[in-house]
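Below, each chain spelled out in residue letters.
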Amino acid sequence: MVEFGQADLTSCDKEPIHIPGSIQPHGCLLACEGDTFRVRRVSANAATMLGFAGLAPGVLLSDYLSAATLHALRNGLAHSLSLGRPAYMFGVHLAGATAFDLSIHVSGEDIVIECEPEGAPEDNSQSVASLRMMLDRLRNMSDMETLFRAVVRLMRGMLHYDRVMIYRFDPDWSGKIVAEARSSVLESFLGQHFPSADIPAQARDLYQRALIRMIGDVSYIPVPVQGMPGLGPLDMSLSQLRSVSPIHCEYLTNMGVGASMSISLIVDGKLWGMIACHNYSPKILTLGERTIVKIFGEFVALRIVVLLRTSRLQVTQQTHTLIENFLREAVPMSDMPSYLRQHIADLAPLIPCDGIGLWINGQWTTHGAAPSAPDVVLELVSIAHERAGHHIWHTDHLTGLTPDAAAFLPDVAGVMIIPISAQPKDYVFLFRREILQTLNWGGDPNKTYTSGPLGPRLTPRTSFSIWKEEVQEKCLPWTDNNLEAAGLVRSGLIEVMGAYHQQQLKERS
Ligand code: BLA
(Lines give C-alpha, C1' and ligand atoms only; values in the text may rest on other atoms or scores of the structure.)
Protein backbone atom coordinates (compact mmCIF):
# COMPACT_ATOMS: atom_id res chain seq x y z
CA MET A 1 0.00 0.00 0.00
CA VAL A 2 1.21 3.51 -0.81
CA GLU A 3 1.49 5.77 2.23
CA PHE A 4 0.60 9.44 2.21
CA GLY A 5 3.55 11.43 0.88
CA GLN A 6 5.21 8.31 -0.63
CA ALA A 7 3.43 8.27 -3.99
CA ASP A 8 5.38 8.76 -7.19
CA LEU A 9 4.20 9.46 -10.72
CA THR A 10 3.19 5.84 -11.24
CA SER A 11 1.15 5.54 -8.05
CA CYS A 12 -0.38 8.93 -7.40
CA ASP A 13 -3.93 7.66 -7.85
CA LYS A 14 -3.23 5.26 -4.93
CA GLU A 15 -2.05 7.90 -2.47
CA PRO A 16 -4.43 8.03 0.53
CA ILE A 17 -4.74 11.82 0.49
CA HIS A 18 -7.64 11.69 3.00
CA ILE A 19 -5.36 10.48 5.81
CA PRO A 20 -2.31 12.73 5.63
CA GLY A 21 -1.77 12.76 9.43
CA SER A 22 -1.02 16.47 9.27
CA ILE A 23 -2.60 19.83 8.51
CA GLN A 24 -1.74 23.14 6.88
CA PRO A 25 -0.53 25.67 9.44
CA HIS A 26 -3.08 28.48 8.98
CA GLY A 27 -5.27 26.86 11.64
CA CYS A 28 -5.23 24.11 14.23
CA LEU A 29 -7.21 20.92 14.74
CA LEU A 30 -8.65 19.10 17.75
CA ALA A 31 -10.49 15.80 17.68
CA CYS A 32 -12.49 14.72 20.74
CA GLU A 33 -14.75 11.99 22.05
CA GLY A 34 -18.42 12.76 21.57
CA ASP A 35 -19.81 12.58 25.13
CA THR A 36 -16.93 13.70 27.29
CA PHE A 37 -15.06 16.02 24.92
CA ARG A 38 -11.89 14.18 25.90
CA VAL A 39 -9.21 15.14 23.38
CA ARG A 40 -8.24 12.18 21.17
CA ARG A 41 -5.98 14.05 18.78
CA VAL A 42 -4.48 17.47 18.51
CA SER A 43 -2.33 19.28 15.97
CA ALA A 44 1.13 20.23 17.23
CA ASN A 45 0.38 23.96 16.86
CA ALA A 46 -2.93 23.92 18.79
CA ALA A 47 -1.69 24.60 22.33
CA THR A 48 0.16 27.73 21.22
CA MET A 49 -2.44 28.97 18.75
CA LEU A 50 -5.31 28.57 21.19
CA GLY A 51 -3.32 29.56 24.29
CA PHE A 52 -4.20 26.26 26.02
CA ALA A 53 -1.08 25.28 27.98
CA GLY A 54 -0.72 21.50 28.30
CA LEU A 55 -3.29 20.72 25.59
CA ALA A 56 -2.48 17.14 24.53
CA PRO A 57 -4.24 13.88 23.67
CA GLY A 58 -6.08 12.56 26.74
CA VAL A 59 -6.99 15.87 28.42
CA LEU A 60 -10.58 17.05 28.82
CA LEU A 61 -11.58 20.03 26.69
CA SER A 62 -13.96 21.06 29.48
CA ASP A 63 -10.87 21.92 31.55
CA TYR A 64 -10.17 24.71 29.05
CA LEU A 65 -13.60 25.87 27.89
CA SER A 66 -16.49 27.55 29.65
CA ALA A 67 -19.82 25.70 29.96
CA ALA A 68 -21.33 28.21 27.50
CA THR A 69 -18.63 27.53 24.88
CA LEU A 70 -19.02 23.76 25.29
CA HIS A 71 -22.76 24.19 24.88
CA ALA A 72 -22.21 26.18 21.68
CA LEU A 73 -19.89 23.46 20.37
CA ARG A 74 -22.52 20.80 21.12
CA ASN A 75 -25.06 22.86 19.15
CA GLY A 76 -22.57 23.14 16.28
CA LEU A 77 -22.09 19.39 16.37
CA ALA A 78 -25.84 18.72 16.30
CA HIS A 79 -26.13 21.11 13.36
CA SER A 80 -23.34 19.30 11.49
CA LEU A 81 -24.97 15.92 12.13
CA SER A 82 -28.27 17.13 10.76
CA LEU A 83 -26.56 18.67 7.70
CA GLY A 84 -24.31 15.67 7.11
CA ARG A 85 -21.37 18.04 6.56
CA PRO A 86 -19.26 20.42 8.64
CA ALA A 87 -21.06 23.22 10.47
CA TYR A 88 -19.37 26.59 10.75
CA MET A 89 -19.28 28.94 13.76
CA PHE A 90 -17.84 32.40 13.33
CA GLY A 91 -16.03 34.61 15.85
CA VAL A 92 -16.02 32.13 18.74
CA HIS A 93 -13.99 33.10 21.85
CA LEU A 94 -12.56 29.81 23.07
CA ALA A 95 -10.49 31.41 25.81
CA GLY A 96 -8.87 34.79 26.09
CA ALA A 97 -9.38 37.64 23.69
CA THR A 98 -8.67 35.93 20.37
CA ALA A 99 -11.71 34.82 18.42
CA PHE A 100 -11.70 31.91 16.00
CA ASP A 101 -13.82 30.70 13.12
CA LEU A 102 -14.63 27.05 13.69
CA SER A 103 -15.56 24.17 11.45
CA ILE A 104 -16.96 21.17 13.29
CA HIS A 105 -17.87 17.73 11.98
CA VAL A 106 -17.80 14.04 12.81
CA SER A 107 -15.25 11.70 11.30
CA GLY A 108 -15.59 8.09 12.49
CA GLU A 109 -15.29 8.19 16.31
CA ASP A 110 -13.91 11.72 16.32
CA ILE A 111 -15.59 15.07 16.72
CA VAL A 112 -13.26 17.21 14.64
CA ILE A 113 -12.95 20.89 15.53
CA GLU A 114 -10.84 23.04 13.26
CA CYS A 115 -9.97 26.56 14.37
CA GLU A 116 -8.76 29.41 12.18
CA PRO A 117 -8.14 32.99 13.28
CA GLU A 118 -11.34 34.98 12.87
CA GLY A 119 -11.87 36.99 9.67
CA ALA A 120 -12.66 40.66 10.13
CA PRO A 121 -16.48 40.99 10.40
CA GLU A 122 -16.45 43.96 7.98
CA ASP A 123 -14.74 41.70 5.38
CA ASN A 124 -17.60 39.26 5.72
CA SER A 125 -20.29 41.89 5.20
CA GLN A 126 -18.32 43.21 2.21
CA SER A 127 -18.16 39.67 0.81
CA VAL A 128 -21.91 39.20 1.27
CA ALA A 129 -22.54 42.43 -0.66
CA SER A 130 -20.18 41.25 -3.44
CA LEU A 131 -21.90 37.87 -3.53
CA ARG A 132 -25.31 39.53 -3.98
CA MET A 133 -23.97 41.55 -6.91
CA MET A 134 -22.23 38.53 -8.48
CA LEU A 135 -25.33 36.35 -8.33
CA ASP A 136 -27.40 39.10 -9.92
CA ARG A 137 -24.89 39.40 -12.76
CA LEU A 138 -25.09 35.70 -13.57
CA ARG A 139 -28.82 35.33 -13.46
CA ASN A 140 -29.50 36.27 -17.08
CA MET A 141 -26.52 34.75 -18.84
CA SER A 142 -28.03 32.72 -21.64
CA ASP A 143 -25.08 30.74 -22.97
CA MET A 144 -22.27 28.80 -21.35
CA GLU A 145 -19.37 30.77 -22.77
CA THR A 146 -20.73 34.09 -21.56
CA LEU A 147 -21.50 32.56 -18.18
CA PHE A 148 -17.98 31.13 -17.82
CA ARG A 149 -16.32 34.40 -18.84
CA ALA A 150 -18.42 36.29 -16.29
CA VAL A 151 -17.70 33.77 -13.55
CA VAL A 152 -13.92 33.96 -13.84
CA ARG A 153 -13.96 37.75 -14.13
CA LEU A 154 -16.22 38.19 -11.14
CA MET A 155 -14.24 35.75 -9.02
CA ARG A 156 -10.98 37.45 -9.84
CA GLY A 157 -12.53 40.85 -9.15
CA MET A 158 -13.74 39.73 -5.74
CA LEU A 159 -10.84 37.60 -4.51
CA HIS A 160 -7.85 39.06 -6.39
CA TYR A 161 -6.24 35.73 -7.24
CA ASP A 162 -3.66 36.13 -10.02
CA ARG A 163 -5.43 33.55 -12.18
CA VAL A 164 -8.98 32.17 -12.10
CA MET A 165 -9.93 29.31 -14.44
CA ILE A 166 -12.86 27.06 -15.13
CA TYR A 167 -11.68 23.49 -15.60
CA ARG A 168 -14.29 21.24 -17.24
CA PHE A 169 -14.06 17.46 -17.11
CA ASP A 170 -14.62 15.33 -20.21
CA PRO A 171 -16.30 11.94 -19.91
CA ASP A 172 -12.86 10.26 -19.58
CA TRP A 173 -11.98 12.71 -16.73
CA SER A 174 -9.39 14.54 -18.72
CA GLY A 175 -10.06 18.26 -18.50
CA LYS A 176 -10.02 21.49 -20.44
CA ILE A 177 -9.61 25.10 -19.34
CA VAL A 178 -12.80 26.64 -20.74
CA ALA A 179 -12.48 30.12 -19.21
CA GLU A 180 -9.71 32.16 -17.67
CA ALA A 181 -9.15 35.57 -16.12
CA ARG A 182 -5.52 36.31 -15.31
CA SER A 183 -2.99 38.95 -14.58
CA SER A 184 -1.62 40.26 -17.88
CA VAL A 185 1.94 39.10 -17.12
CA LEU A 186 0.94 35.43 -17.02
CA GLU A 187 0.80 33.08 -20.01
CA SER A 188 -2.65 31.82 -20.88
CA PHE A 189 -3.88 28.26 -20.32
CA LEU A 190 -7.23 28.90 -21.98
CA GLY A 191 -8.28 26.04 -24.26
CA GLN A 192 -5.57 23.67 -23.00
CA HIS A 193 -6.37 20.06 -22.20
CA PHE A 194 -4.92 18.02 -19.35
CA PRO A 195 -4.92 14.27 -18.67
CA SER A 196 -7.12 12.70 -16.00
CA ALA A 197 -4.00 11.92 -13.91
CA ASP A 198 -3.59 15.63 -13.06
CA ILE A 199 -6.59 15.43 -10.74
CA PRO A 200 -6.49 11.75 -9.78
CA ALA A 201 -9.64 9.76 -9.03
CA GLN A 202 -9.34 9.83 -5.23
CA ALA A 203 -8.89 13.63 -5.32
CA ARG A 204 -11.98 13.96 -7.51
CA ASP A 205 -13.93 11.83 -5.03
CA LEU A 206 -12.93 14.21 -2.25
CA TYR A 207 -13.85 17.28 -4.30
CA GLN A 208 -17.25 15.76 -4.88
CA ARG A 209 -17.78 15.59 -1.10
CA ALA A 210 -15.96 18.73 0.07
CA LEU A 211 -16.75 21.54 -2.33
CA ILE A 212 -13.86 23.85 -1.62
CA ARG A 213 -10.16 23.19 -1.34
CA MET A 214 -7.71 25.87 -0.26
CA ILE A 215 -3.95 25.54 -0.28
CA GLY A 216 -2.77 28.70 1.49
CA ASP A 217 0.97 28.35 0.92
CA VAL A 218 2.41 25.58 -1.25
CA SER A 219 5.76 25.76 0.57
CA TYR A 220 4.19 25.29 4.03
CA ILE A 221 5.63 22.97 6.61
CA PRO A 222 2.95 20.41 7.56
CA VAL A 223 1.86 20.38 11.20
CA PRO A 224 1.55 16.81 12.52
CA VAL A 225 -1.64 15.71 14.25
CA GLN A 226 -0.77 13.72 17.37
CA GLY A 227 -3.19 11.09 18.65
CA MET A 228 -3.79 8.97 21.75
CA PRO A 229 -1.82 5.71 21.54
CA GLY A 230 -3.41 3.00 19.43
CA LEU A 231 -5.67 5.25 17.31
CA GLY A 232 -5.86 4.63 13.59
CA PRO A 233 -5.43 7.52 11.16
CA LEU A 234 -7.98 10.37 11.17
CA ASP A 235 -10.05 10.54 7.99
CA MET A 236 -9.73 14.19 6.97
CA SER A 237 -11.91 14.02 3.84
CA LEU A 238 -14.12 16.84 5.12
CA SER A 239 -11.40 18.81 6.89
CA GLN A 240 -10.67 22.41 6.00
CA LEU A 241 -7.01 22.12 6.91
CA ARG A 242 -6.16 18.73 5.36
CA SER A 243 -2.51 18.57 4.34
CA VAL A 244 -1.74 18.46 0.63
CA SER A 245 -0.14 15.69 -1.38
CA PRO A 246 3.53 16.61 -1.95
CA ILE A 247 3.05 15.65 -5.61
CA HIS A 248 0.45 18.33 -6.04
CA CYS A 249 2.58 20.88 -4.17
CA GLU A 250 5.44 20.06 -6.51
CA TYR A 251 3.16 20.58 -9.52
CA LEU A 252 2.08 23.99 -8.24
CA THR A 253 5.65 24.97 -7.30
CA ASN A 254 6.91 24.02 -10.76
CA MET A 255 4.33 26.40 -12.19
CA GLY A 256 5.54 29.15 -9.87
CA VAL A 257 2.22 29.11 -8.01
CA GLY A 258 2.28 30.05 -4.30
CA ALA A 259 -1.33 29.30 -3.31
CA SER A 260 -4.43 27.77 -4.84
CA MET A 261 -8.11 27.44 -4.18
CA SER A 262 -10.62 25.33 -6.07
CA ILE A 263 -14.38 25.10 -5.92
CA SER A 264 -16.20 22.01 -7.15
CA LEU A 265 -18.96 22.42 -9.70
CA ILE A 266 -21.42 19.59 -9.14
CA VAL A 267 -23.92 19.10 -11.95
CA ASP A 268 -26.61 16.42 -11.70
CA GLY A 269 -24.80 14.92 -8.72
CA LYS A 270 -21.50 14.54 -10.59
CA LEU A 271 -18.26 16.52 -10.50
CA TRP A 272 -18.65 18.52 -13.73
CA GLY A 273 -15.65 20.78 -13.29
CA MET A 274 -13.84 23.14 -10.94
CA ILE A 275 -13.26 26.84 -10.61
CA ALA A 276 -9.49 26.77 -10.00
CA CYS A 277 -7.65 29.82 -8.66
CA HIS A 278 -3.89 30.42 -8.45
CA ASN A 279 -1.94 33.06 -6.64
CA TYR A 280 1.76 33.56 -7.18
CA SER A 281 2.38 34.26 -3.49
CA PRO A 282 0.77 32.69 -0.41
CA LYS A 283 -2.89 33.58 0.00
CA ILE A 284 -5.33 32.59 2.70
CA LEU A 285 -9.06 33.20 2.57
CA THR A 286 -10.92 33.19 5.87
CA LEU A 287 -13.60 30.60 6.57
CA GLY A 288 -16.20 33.35 6.06
CA GLU A 289 -14.82 34.24 2.64
CA ARG A 290 -14.66 30.58 1.68
CA THR A 291 -18.27 30.09 2.71
CA ILE A 292 -19.32 32.92 0.41
CA VAL A 293 -17.24 31.54 -2.44
CA LYS A 294 -18.75 28.10 -1.94
CA ILE A 295 -22.27 29.53 -2.23
CA PHE A 296 -21.16 31.28 -5.41
CA GLY A 297 -19.88 27.93 -6.78
CA GLU A 298 -23.15 26.21 -5.94
CA PHE A 299 -25.06 28.96 -7.76
CA VAL A 300 -22.78 28.68 -10.81
CA ALA A 301 -23.39 24.90 -10.89
CA LEU A 302 -27.14 25.51 -10.83
CA ARG A 303 -26.84 27.99 -13.72
CA ILE A 304 -24.90 25.32 -15.65
CA VAL A 305 -27.71 22.83 -14.98
CA VAL A 306 -30.27 25.34 -16.30
CA LEU A 307 -28.22 26.02 -19.46
CA LEU A 308 -27.64 22.31 -20.09
CA ARG A 309 -31.37 21.64 -19.77
CA THR A 310 -32.18 24.53 -22.09
CA SER A 311 -29.68 23.37 -24.69
CA ARG A 312 -31.05 19.80 -24.50
CA LEU A 313 -34.53 21.16 -25.13
CA GLN A 314 -33.30 23.25 -28.04
CA VAL A 315 -31.50 20.29 -29.61
CA THR A 316 -34.64 18.18 -29.30
CA GLN A 317 -36.82 20.87 -30.84
CA GLN A 318 -34.37 21.65 -33.67
CA THR A 319 -33.86 17.99 -34.50
CA HIS A 320 -37.62 17.47 -34.48
CA THR A 321 -38.12 20.30 -36.94
CA LEU A 322 -35.25 19.25 -39.21
CA ILE A 323 -36.31 15.63 -39.29
CA GLU A 324 -39.93 16.54 -39.82
CA ASN A 325 -39.03 18.67 -42.85
CA PHE A 326 -36.77 15.93 -44.15
CA LEU A 327 -39.49 13.32 -43.80
CA ARG A 328 -42.25 15.51 -45.19
CA GLU A 329 -40.37 15.59 -48.47
CA ALA A 330 -39.43 11.92 -48.24
CA VAL A 331 -42.81 10.35 -47.53
CA PRO A 332 -44.32 10.71 -51.02
CA MET A 333 -41.21 9.14 -52.60
CA SER A 334 -41.66 5.60 -53.73
CA ASP A 335 -37.93 4.84 -53.86
CA MET A 336 -36.89 5.74 -50.33
CA PRO A 337 -33.30 4.39 -50.53
CA SER A 338 -32.57 6.54 -53.58
CA TYR A 339 -34.13 9.54 -51.90
CA LEU A 340 -31.95 9.08 -48.80
CA ARG A 341 -28.82 8.61 -50.91
CA GLN A 342 -29.51 11.81 -52.83
CA HIS A 343 -30.25 13.80 -49.69
CA ILE A 344 -27.56 12.36 -47.45
CA ALA A 345 -26.06 15.84 -46.94
CA ASP A 346 -29.31 17.01 -45.34
CA LEU A 347 -28.59 14.70 -42.40
CA ALA A 348 -25.35 16.55 -41.59
CA PRO A 349 -26.91 19.45 -39.62
CA LEU A 350 -28.70 17.04 -37.29
CA ILE A 351 -25.66 15.87 -35.32
CA PRO A 352 -22.24 17.55 -35.50
CA CYS A 353 -19.98 15.25 -37.54
CA ASP A 354 -17.34 15.41 -40.27
CA GLY A 355 -18.91 12.87 -42.60
CA ILE A 356 -21.77 10.46 -43.18
CA GLY A 357 -22.04 7.00 -44.68
CA LEU A 358 -25.30 5.35 -45.65
CA TRP A 359 -25.60 1.56 -45.97
CA ILE A 360 -28.89 0.60 -47.55
CA ASN A 361 -29.66 -2.60 -49.41
CA GLY A 362 -25.95 -3.37 -49.47
CA GLN A 363 -25.03 -0.12 -51.18
CA TRP A 364 -22.63 2.49 -49.70
CA THR A 365 -23.08 6.24 -50.18
CA THR A 366 -20.98 8.92 -48.46
CA HIS A 367 -20.83 12.61 -47.74
CA GLY A 368 -17.79 14.44 -46.28
CA ALA A 369 -15.11 12.55 -44.34
CA ALA A 370 -15.96 8.86 -44.68
CA PRO A 371 -14.07 5.71 -45.66
CA SER A 372 -14.64 4.42 -49.18
CA ALA A 373 -12.35 1.39 -49.60
CA PRO A 374 -14.67 -1.63 -49.95
CA ASP A 375 -12.91 -3.77 -47.31
CA VAL A 376 -13.06 -0.90 -44.78
CA VAL A 377 -16.75 -0.36 -45.52
CA LEU A 378 -17.47 -4.08 -45.03
CA GLU A 379 -15.56 -3.98 -41.75
CA LEU A 380 -17.78 -1.08 -40.64
CA VAL A 381 -20.92 -2.93 -41.61
CA SER A 382 -19.83 -5.97 -39.66
CA ILE A 383 -19.12 -3.72 -36.63
CA ALA A 384 -22.65 -2.38 -37.08
CA HIS A 385 -24.18 -5.89 -37.16
CA GLU A 386 -22.15 -7.07 -34.16
CA ARG A 387 -22.23 -4.03 -31.90
CA ALA A 388 -25.20 -1.89 -32.87
CA GLY A 389 -27.88 -4.35 -33.98
CA HIS A 390 -31.13 -2.63 -33.01
CA HIS A 391 -29.45 0.10 -30.97
CA ILE A 392 -27.50 3.27 -31.53
CA TRP A 393 -23.85 2.51 -30.90
CA HIS A 394 -20.86 4.84 -30.83
CA THR A 395 -17.16 5.00 -30.20
CA ASP A 396 -14.65 7.85 -30.15
CA HIS A 397 -11.83 5.38 -30.82
CA LEU A 398 -12.46 3.14 -33.81
CA THR A 399 -8.89 1.93 -34.01
CA GLY A 400 -9.16 0.56 -30.47
CA LEU A 401 -11.75 -1.97 -31.68
CA THR A 402 -9.78 -4.30 -33.91
CA PRO A 403 -6.08 -4.65 -34.68
CA ASP A 404 -6.53 -3.84 -38.36
CA ALA A 405 -8.82 -0.91 -37.71
CA ALA A 406 -5.92 1.44 -38.48
CA ALA A 407 -7.41 1.43 -41.96
CA PHE A 408 -10.05 3.91 -40.75
CA LEU A 409 -7.46 6.58 -40.19
CA PRO A 410 -6.68 9.15 -41.44
CA ASP A 411 -10.25 9.56 -42.70
CA VAL A 412 -12.10 9.07 -39.42
CA ALA A 413 -11.39 8.29 -35.77
CA GLY A 414 -14.87 7.75 -34.35
CA VAL A 415 -18.32 6.70 -35.48
CA MET A 416 -21.93 6.71 -34.35
CA ILE A 417 -24.02 3.97 -35.93
CA ILE A 418 -27.78 4.48 -36.24
CA PRO A 419 -29.83 1.46 -37.36
CA ILE A 420 -32.61 2.62 -39.68
CA SER A 421 -34.48 -0.58 -40.47
CA ALA A 422 -36.64 -2.67 -38.18
CA GLN A 423 -34.32 -5.67 -38.70
CA PRO A 424 -30.63 -4.71 -38.37
CA LYS A 425 -29.62 -4.34 -41.99
CA ASP A 426 -29.47 -0.69 -43.02
CA TYR A 427 -27.53 1.95 -41.12
CA VAL A 428 -26.52 5.59 -41.02
CA PHE A 429 -22.88 6.03 -39.98
CA LEU A 430 -21.84 9.43 -38.63
CA PHE A 431 -18.08 9.95 -38.65
CA ARG A 432 -15.76 12.28 -36.78
CA ARG A 433 -12.12 13.00 -37.51
CA GLU A 434 -9.27 12.75 -35.01
CA ILE A 435 -9.30 15.61 -32.46
CA LEU A 436 -5.61 16.30 -32.62
CA GLN A 437 -5.63 17.72 -36.09
CA THR A 438 -6.30 21.19 -34.77
CA LEU A 439 -4.93 21.30 -31.23
CA ASN A 440 -1.60 22.55 -30.03
CA TRP A 441 -0.10 24.06 -26.91
CA GLY A 442 -1.26 27.63 -26.93
CA GLY A 443 0.84 28.94 -24.04
CA ASP A 444 3.95 31.06 -24.23
CA PRO A 445 6.57 28.94 -26.09
CA ASN A 446 9.40 30.74 -24.26
CA LYS A 447 8.05 30.04 -20.80
CA THR A 448 10.13 27.47 -18.95
CA TYR A 449 9.02 25.71 -15.81
CA THR A 450 11.08 24.70 -12.83
CA SER A 451 11.30 21.05 -12.02
CA GLY A 452 11.23 19.38 -8.59
CA PRO A 453 12.35 15.92 -7.41
CA LEU A 454 9.77 14.15 -9.61
CA GLY A 455 11.14 15.76 -12.75
CA PRO A 456 9.54 17.68 -15.60
CA ARG A 457 6.34 15.58 -15.71
CA LEU A 458 4.67 17.91 -13.22
CA THR A 459 4.15 20.94 -15.44
CA PRO A 460 1.16 22.01 -17.49
CA ARG A 461 3.00 21.84 -20.79
CA THR A 462 4.16 18.24 -20.23
CA SER A 463 0.66 17.36 -19.03
CA PHE A 464 -0.75 18.76 -22.24
CA SER A 465 1.68 16.63 -24.30
CA ILE A 466 0.66 13.55 -22.34
CA TRP A 467 -3.00 14.32 -22.95
CA LYS A 468 -2.20 14.64 -26.67
CA GLU A 469 -0.64 11.18 -26.64
CA GLU A 470 -3.63 9.78 -24.77
CA VAL A 471 -6.15 11.10 -27.27
CA GLN A 472 -4.28 10.06 -30.41
CA GLU A 473 -6.62 8.36 -32.87
CA LYS A 474 -9.68 9.57 -30.94
CA CYS A 475 -12.46 11.94 -31.97
CA LEU A 476 -14.46 14.33 -29.81
CA PRO A 477 -16.71 12.32 -27.54
CA TRP A 478 -20.33 11.81 -28.57
CA THR A 479 -22.45 13.74 -26.09
CA ASP A 480 -25.82 13.07 -24.48
CA ASN A 481 -27.30 15.76 -26.75
CA ASN A 482 -25.89 13.93 -29.80
CA LEU A 483 -27.45 10.68 -28.59
CA GLU A 484 -30.78 12.37 -28.00
CA ALA A 485 -30.75 13.74 -31.56
CA ALA A 486 -29.64 10.36 -32.96
CA GLY A 487 -32.63 8.72 -31.24
CA LEU A 488 -34.99 11.09 -33.05
CA VAL A 489 -33.26 10.49 -36.40
CA ARG A 490 -33.50 6.75 -35.84
CA SER A 491 -37.21 6.67 -35.08
CA GLY A 492 -38.01 9.01 -38.02
CA LEU A 493 -36.00 6.99 -40.53
CA ILE A 494 -37.19 3.63 -39.26
CA GLU A 495 -40.73 4.83 -39.84
CA VAL A 496 -40.18 5.86 -43.48
CA MET A 497 -38.01 2.85 -44.22
CA GLY A 498 -40.67 0.61 -42.66
CA ALA A 499 -43.33 2.14 -44.89
CA TYR A 500 -41.06 1.63 -47.91
CA HIS A 501 -40.43 -2.04 -47.07
CA GLN A 502 -44.16 -2.67 -46.67
CA GLN A 503 -44.85 -1.05 -50.00
CA GLN A 504 -42.23 -3.30 -51.58
CA LEU A 505 -43.84 -6.39 -50.10
CA LYS A 506 -47.26 -5.31 -51.35
CA GLU A 507 -45.94 -4.71 -54.82
CA ARG A 508 -44.27 -8.12 -54.87
CA SER A 509 -47.38 -10.04 -53.75
C1 BLA B 1 -5.30 18.34 -7.21
N2 BLA B 1 -4.91 19.09 -9.55
C3 BLA B 1 -5.49 19.22 -8.32
C4 BLA B 1 -6.35 20.37 -8.31
C5 BLA B 1 -6.25 20.93 -9.57
C6 BLA B 1 -5.33 20.16 -10.33
C7 BLA B 1 -7.04 22.14 -10.05
C8 BLA B 1 -7.22 20.84 -7.17
C9 BLA B 1 -6.42 21.45 -6.06
C10 BLA B 1 -6.01 22.88 -6.27
O11 BLA B 1 -6.84 23.75 -6.32
O12 BLA B 1 -4.79 23.15 -6.39
C13 BLA B 1 -4.92 20.29 -11.68
N14 BLA B 1 -4.42 22.67 -11.83
C15 BLA B 1 -4.60 21.45 -12.37
C16 BLA B 1 -4.39 21.55 -13.77
C17 BLA B 1 -4.12 22.83 -14.06
C18 BLA B 1 -4.15 23.54 -12.82
C19 BLA B 1 -4.47 20.45 -14.75
O20 BLA B 1 -3.93 24.73 -12.69
C21 BLA B 1 -3.82 23.36 -15.39
C22 BLA B 1 -3.44 24.59 -15.64
N23 BLA B 1 -1.27 16.24 -10.21
C24 BLA B 1 -0.55 16.06 -11.37
C25 BLA B 1 -0.07 14.72 -11.40
C26 BLA B 1 -0.52 14.13 -10.23
C27 BLA B 1 -1.29 15.09 -9.50
C28 BLA B 1 0.73 14.16 -12.53
O29 BLA B 1 -0.37 16.90 -12.23
C30 BLA B 1 -0.29 12.77 -9.78
C31 BLA B 1 0.56 11.94 -10.41
C32 BLA B 1 -1.92 14.86 -8.27
N33 BLA B 1 -3.56 16.78 -8.09
C34 BLA B 1 -2.90 15.69 -7.62
C35 BLA B 1 -3.38 15.41 -6.30
C36 BLA B 1 -4.33 16.39 -6.00
C37 BLA B 1 -4.42 17.23 -7.14
C38 BLA B 1 -2.94 14.26 -5.42
C39 BLA B 1 -5.12 16.52 -4.72
C40 BLA B 1 -4.59 17.61 -3.84
C41 BLA B 1 -5.36 17.64 -2.54
O42 BLA B 1 -6.51 18.12 -2.50
O43 BLA B 1 -4.79 17.19 -1.55
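Every value quoted in this text rests on a predicted model; they were computed, and no experiment measured them.

**Student:** How would you explain the packing of aromatic side chains if you had to name every residue and give the values?
**Tutor:** Two aromatic rings, taken as a pair, are described by how far apart their centres are and by the angle between their planes. In total, this model carries 14 aromatic pairs according to the counting rule given. A centroid spacing of 5.5 Å and a plane angle of 90° characterise the contact between Y167 and F169, whose relative ring orientation is edge-to-face. Since its relative accessible area comes to 8%, F169 is described here as buried. Ring pairs connect the aromatic residues Y167, F169, W173 and F194, which therefore count as one cluster. One cation-aromatic arrangement involves K283 over Y161; the distance from NZ or CZ to the ring centre is 5.1 Å.

**Student:** Lay out helix α3 (residues 121-138) with the relevant residues and their values.
**Tutor:** The first and last C-alpha atoms of α3 sit 26 Å apart over 18 residues, in line with the 26 Å expected at 1.5 Å per residue. Buried within α3 we find N124, S127, S130, L131, M134, L135 and L138. In a view along the axis of α3, the buried residues occupy a sector of 135°, so they form one face of it. In this structure, α3 carries E122 and Q126 as exposed residues pointing more than 90 degrees from its buried face. Close packing links the buried residues of α3 with α4 (144-159) and α7 (287-330).

**Student:** Kindly report on the sheet that holds strand β11 (residues 223-227), identifying the contributing residues and their values.
**Tutor:** Strand order in the open sheet made by the 7 strands is β1-β11-β3-β2-β6-β5-β4, with antiparallel pairing throughout. Only two strands of the sheet have a single partner each, and these edge strands are β1 (22-23) and β4 (87-93). Of the pairings in the sheet, the one linking strand β2 (residues 28-32) to strand β6 (residues 110-117) comprises 5 bridges and is antiparallel in character. Across the sheet, residue C28 finds its bridge partner in β6, namely C115. Sheet contacts for helix α2 (residues 67-83): β4, β5 (99-107) and β6; angle to β5, the most-contacted strand, approximately 50°. Along the sheet face, α7 touches β4, β5 and β6 and points at about 155° away from the line of β4.

**Student:** Any chance you could break down the domain arrangement of the protein chain for me, citing the residues and the numbers?
**Tutor:** Splitting the protein chain by domain gives domain 1 (12-20 + 118-309), domain 2 (22-99) and domain 3 (331-434 + 473-508). With centres defined by C-alpha atoms, the gap from domain 2 to domain 3 works out at 64 Å.

**Student:** Tell me about the site of the ligand, and please be specific about residues and values.
**Tutor:** Around the ligand, a shell composed of 27 residues is seen, among which C12, Y207, H248, S260 and S262 lie nearest. One nitrogen or oxygen atom from the side chain of R213 is found 2.8 Å from an oxygen atom belonging to the ligand. Within the side chain of R242, one N or O atom sits 2.9 Å away from an oxygen atom of the ligand. With the chains in place, 99% of the 880 Å² that the ligand exposes on its own is no longer accessible.

**Student:** Please give an account of helix α11 (residues 480-508) that cites residues and values.
**Tutor:** The terminal C-alpha atoms of α11 lie 41 Å apart, and with 29 residues this matches the ideal 42 Å at 1.5 Å per residue to within 8%. All buried positions along α11 are accounted for by N481, N482, A485, A486, L488, V489, G492, L493, V496, M497 and Y500. Looking at the buried side of α11, the elements it contacts are α7, α8 (336-342), β14 (355-360), β17 (414-419) and β18 (427-432).

Definitions and cut-offs
Residues numbered from 1 in each chain as written. Predicted model: local features only at pLDDT ≥ 70, side-chain atom pairs only at ≥ 80, totals over all residues. Heavy atoms only, no water. Phe/Tyr/Trp six-rings, centres within 6.5 Å; stacked < 30°, edge-to-face > 60°. Buried < 20%, exposed > 50% of the residue type's maximum accessible area, 1.4 Å probe, protein only. Lys NZ or Arg CZ within 6 Å of the ring centre and 35° of its normal. Helix = DSSP H or I, 4+ residues; strand = E, 2+ residues; numbered from the N terminus. Expected span 1.5 Å × (residues − 1). Arc of directions from axis to C-beta. Contact = heavy atoms within 4.5 Å. Pairing = 2+ DSSP bridges. Axes fitted to C-alpha atoms, helices over the stretch in contact; angles between N-to-C directions. Domains from an automatic or database assignment. Near = heavy atom within 4 Å. Polar contact = N/O pair within 3.5 Å; in protein donor to acceptor, adjacent residues only side chain to side chain. Areas by Shrake-Rupley, 256 points an atom, 1.4 Å probe, with all protein chains shown as cover.

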